[in-house]
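Topology and contacts: notes
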Amino acid sequence: KQEVTQIPAALSVPEGENLVLNCSFTDSAIYNLQWFRQDPGKGLTSLLLIQSSQREQTSGRLNASLDKSSGRSTLYIAASQPGDSATYLCAVRFTGANSKLTFGKGITLSVRP
Amino acid sequence: GAGVSQTPSNKVTEKGKYVELRCDPISGHTALYWYRQSLGQGPEFLIYFQGTGAADDSGLPNDRFFAVRPEGSVSTLKIQRTERGDSAVYLCASSPGTGGYGYTFGSGTRLTVV
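So, a few notes on the structure that sits alongside this text.

Reading the values: the criteria
Residues numbered from 1 in each chain as written. Chains lettered and ligands numbered in written order. Predicted model: local features only at pLDDT ≥ 70, side-chain atom pairs only at ≥ 80, totals over all residues. Heavy atoms only, no water. Disulfide = S-S within 2.5 Å. Helix = DSSP H or I, 4+ residues; strand = E, 2+ residues; numbered from the N terminus. Buried < 20%, exposed > 50% of the residue type's maximum accessible area, 1.4 Å probe, protein only. Contact = heavy atoms within 4.5 Å. Buried area = accessible area lost by both parts, 1.4 Å probe. Salt bridge = Lys/Arg side-chain N within 4 Å of Asp/Glu carboxyl O. Polar contact = N/O pair within 3.5 Å; in protein donor to acceptor, adjacent residues only side chain to side chain.

The subject of this paragraph is the state of the cysteines. Simply put, the disulfide is a covalent bond whose two ends are the sulfur atoms of two cysteines. All names here are of chain A. For the structure shown, the criterion picks out two disulfides over all chains. Two residues, Cys23 and Cys90, share a disulfide whose sulfurs are 2.0 Å apart. On the S-S bond that ties Cys23 to Cys90, the torsion sits near -60°, and the link is left-handed. Here Cys23, found in strand β3 (residues 19-25), pairs with Cys90, found in strand β9 (residues 86-94); they are 67 residues apart in sequence, far enough to count as distant. The exposure class assigned to Cys23 is buried, which follows from its relative accessible area of 2%.

What follows is the structure, encoded as structure tokens:
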């Protein structure tokens, strides 16, 4: 079964810390992987999209890496700020999955001032 | 439009009633997806349209759920005989096609069945 796992479910860090959010997936045959941010009671905002042929993508203080062979992706957040507090979701488009995304349960991040 | 628009943002309905949830995708996006998110969970796939046709409806939980996209743009998710277990946030997303594009999600409709 194709699954996406995000551990831990919640994380609390002091402001200014560099942090890494992990995502693992069970099948290395993927088309792409997308990281989203979700604020409480809101929809999903796309952060970064990594195609299967790519190793990483960067946007501002965010960097996402992809290692298909080990079934892992990481989202690196540099110099965290209280405004980064949200739930971060990893979603994988598996090959042959007819374009649908499989999501992890998300990591709820709290950045303390 | 500039983004994916979903209406209503909130819907409270009584058990047994019929509801319709609307999604207006980004103009020109041919692919449209419906997902359902329960509290504390990641979104779960319901149905995917490419143009007017449902390319994959394998995520619809049962025959009370149905979705249409008659003109290849706006889509409506229809739920008959609602049950309390249907309470969730229903998310719609669109993408330019079925290539390596990312998704753009709407803000969702929070459905509460009382």
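A few words now on the interface of chain A and chain B. Counting from both sides, the interface comprises 22 residues of chain A and, opposite them, 23 residues of chain B. Of the roughly 1600 Å² buried at the junction of chain A and chain B (both faces included), carbon and sulfur atoms supply 48%. Broken down residue by residue, the surface that chain A buries against chain B is led by Leu44, Asn98 and Lys100 of chain A, which jointly contribute 28%. Here chain A is connected to chain B by one salt bridge. For Lys100 of chain A, the salt bridge goes to Asp56 of chain B, with nearest N and O atoms at 3.9 Å. Linking chain A with chain B are four residue pairs in polar contact (both at pLDDT 80 or more). Of all the elements in the fold, those that place two or more residues in the side of chain A that touches chain B are β4 (30-38), β5 (44-51) and β9 of chain A. When residues of the side of chain A that touches chain B are assigned to their parent elements, the largest contribution, five residues, is made by β4 of chain A.

With respect to the helices, strands and loops of the structure, Thr13 of chain B is situated in strand β2 (residues 10-13). Excluding its chain neighbours within four sequence positions, the residues that come into contact with Thr13 of chain B are Val19, Thr82, Leu111, Thr112, Val113 and Val114 of chain B.

It is worth stressing that arrangement in space is one thing and function is another; only the former is reported here.
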